[in-house]
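For reference, the chains in residue letters:
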Amino acid sequence: MQTPEMEYRPLGRCGMQVSVLSLGGWITFGGTVADAQMVRRLLHKAFDAGVNFFDMADAYAEGNAERVMGQVLRDFPRHRLVLSSKVFFPMSDDVNDRGLSRKHVMESAEKSLGRMGTDYLDIYFCHRFDENTPIEETARAMDDLIHQGKILYWGTSEWTGTQLVEMHDLCRENNLYRPQVEQPQYNLLARAKFEQDVRPVLDAQGMGAVIWSPLAAGMLTGKYDEGFPPDSRFGRIKWIREWMYSEQRRDRVRAFKAHADAFGCTRARLAIAWAARQPGVSSVITGVTRPEQLEDNLRALTVELDDDVRRKLDDLFPAKAENENE
Ligand SMILES: NC(=O)c1ccc[n+]([C@@H]2O[C@H](COP(=O)([O-])OP(=O)(O)OC[C@H]3O[C@@H](n4cnc5c(N)ncnc54)[C@H](OP(=O)(O)O)[C@@H]3O)[C@@H](O)[C@H]2O)c1
């Protein structure tokens, strides 16, 4: 395959640049993609295509995604990589092994670095908002990690606009490093929260967005038009199927095929191209289980959308909260 040229974008008002297509390890690496040789093949293929941003979390496959991805990512010069991980979700039954307390943030960062085999993370995300920890405690922990050189930037994931504004105000008042990037779900089937609540705040605060599940976990590819193939994500994992699939969504994805056909491309490619061209998006974090998927998704870089198709996609996938499986 002729690899299309990669594009790089800053995270909002920030010097560091990330590839517009990036690769994450949720469900896949160390999970459904258990074969270490396949993980190596996929990460090398992505890196060779210009992907520099690789997204992980402590919770992915209970630490295994960081281990297996970290093992392969050591093949590449560290300065050419933007590596992220996340903290929040419980890692054991222990009362402190969860959330965004100073204790858990500091301990969890150390464990992620150990599993990945690197001295620092480029981005460290608060995987969700923690109602049980004062935001100043979390902000100071992140600021300290930056001063210690263990992380370079910090970010949030699935925070609301109001939570982001509160955090920015607090950091500004206390001269602390502010969150530089938010990681929301954003795809044709889940638009309203990002477009209406989060993006205006990111713009105002100079933050970037690196968006997750651009294919709604595979739903938008059309692979579930006629049931659930046993070797697919929805075929394998019931709770994701129940979360992301509905007959109404399936019908809209079936109708989406005509638009992709008119462009001479797959639905996956058109969905990713749409996400990558939406305002405020720094990077689209994709997920793959096999090389053909990665090739298909990388070719989204060659798809140019015109106003006509944008309008058609807006009609088919309106940004309304009731359409979203949040
Ligand atoms: N911050 C958060 O809370 C959060 C939450 C979720 C994800 N994320 C991040 O976002 C990344 C991407 O999420 P995601 O994996 O859900 O992304 P996605 O792109 O929406 O779905 C990826 C899955 O769809 C299928 N697929 C991908 N490309 C395909 C193609 N061209 N044709 C057919 N099937 C294809 C594959 O699953 P099968 O082959 O198994 O069917 C693949 O694993 C994660 O790895 C993670 O880094 C973050």
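Residues numbered from 1 in each chain as written. Predicted model: local features only at pLDDT ≥ 70, side-chain atom pairs only at ≥ 80, totals over all residues. Heavy atoms only, no water.

## Structural notes on the site of the ligand
Here is step 1 of the chain: In the vicinity of the ligand lie 34 residues, with Asp 55, Ser 157, Ser 213, Lys 223 and Thr 289 positioned nearest.
Here is step 2 of the chain: His 127 is positioned with one of its side-chain polar atoms (N or O) 3.4 Å from an oxygen atom of the ligand.
Here is step 3 of the chain: Within the side chain of Gln 183, an N or O atom sits 3.1 Å from a nitrogen atom of the ligand.
Here is step 4 of the chain: Its free accessible area being 910 Å², the ligand has 96% of it covered by the protein chains.
Here is step 5 of the chain: Within the residue set of the shell around the ligand, elements represented by two or more residues are α7 (233-236), β10 (281-286) and α11 (291-298).
Here is step 6 of the chain: At three residues, α11 tops the list of elements feeding residues into the shell around the ligand.
Here is step 7 of the chain: Considering only residue class, the shell around the ligand consists of eleven nonpolar, 15 polar and eight charged. (Near = heavy atom within 4 Å. Polar contact = N/O pair within 3.5 Å; in protein donor to acceptor, adjacent residues only side chain to side chain. Areas by Shrake-Rupley, 256 points an atom, 1.4 Å probe, with all protein chains shown as cover. Helix = DSSP H or I, 4+ residues; strand = E, 2+ residues; numbered from the N terminus. Nonpolar A, V, L, I, M, F, W, Y, C, P; charged D, E, K, R; others polar.)

## So, the environment of Arg 9
Here is step 1 of the chain: The topology assignment puts Arg 9 in strand β1 (residues 8-10).
Here is step 2 of the chain: For the pair Arg 9 and Glu 137, spaced 128 residues apart in the sequence, the C-alpha separation amounts to 31 Å.
Here is step 3 of the chain: In contact with Arg 9, other than residues within four places in its own chain, are Met 16, Gln 17, Val 18, Val 20, Ala 276, Arg 277, Val 281 and Ser 282.
Here is step 4 of the chain: A polar side-chain atom of Arg 9 sits 2.9 Å from a polar atom in the side chain of Glu 7. (Contact = heavy atoms within 4.5 Å.)

## What about unusual backbone geometry?
Here is step 1 of the chain: Positive phi, close to 50°, is recorded for Glu 62, a residue that is not glycine.
Here is step 2 of the chain: Inspection of the secondary structure assignment puts Glu 62 in the loop between β4 (53-55) and α2 (64-73).
Here is step 3 of the chain: Take Glu 62: its relative accessible area is 69%, and that puts it in the exposed class.
Here is step 4 of the chain: Of note in this structure, Glu 158 is not a glycine but carries a positive phi near 65°.
Here is step 5 of the chain: Note that Glu 158 resides in the loop between β7 (151-156) and α5 (161-174).
Here is step 6 of the chain: The buried category is assigned to Glu 158, whose relative accessible area is 12%. (Buried < 20%, exposed > 50% of the residue type's maximum accessible area, 1.4 Å probe, protein only.)

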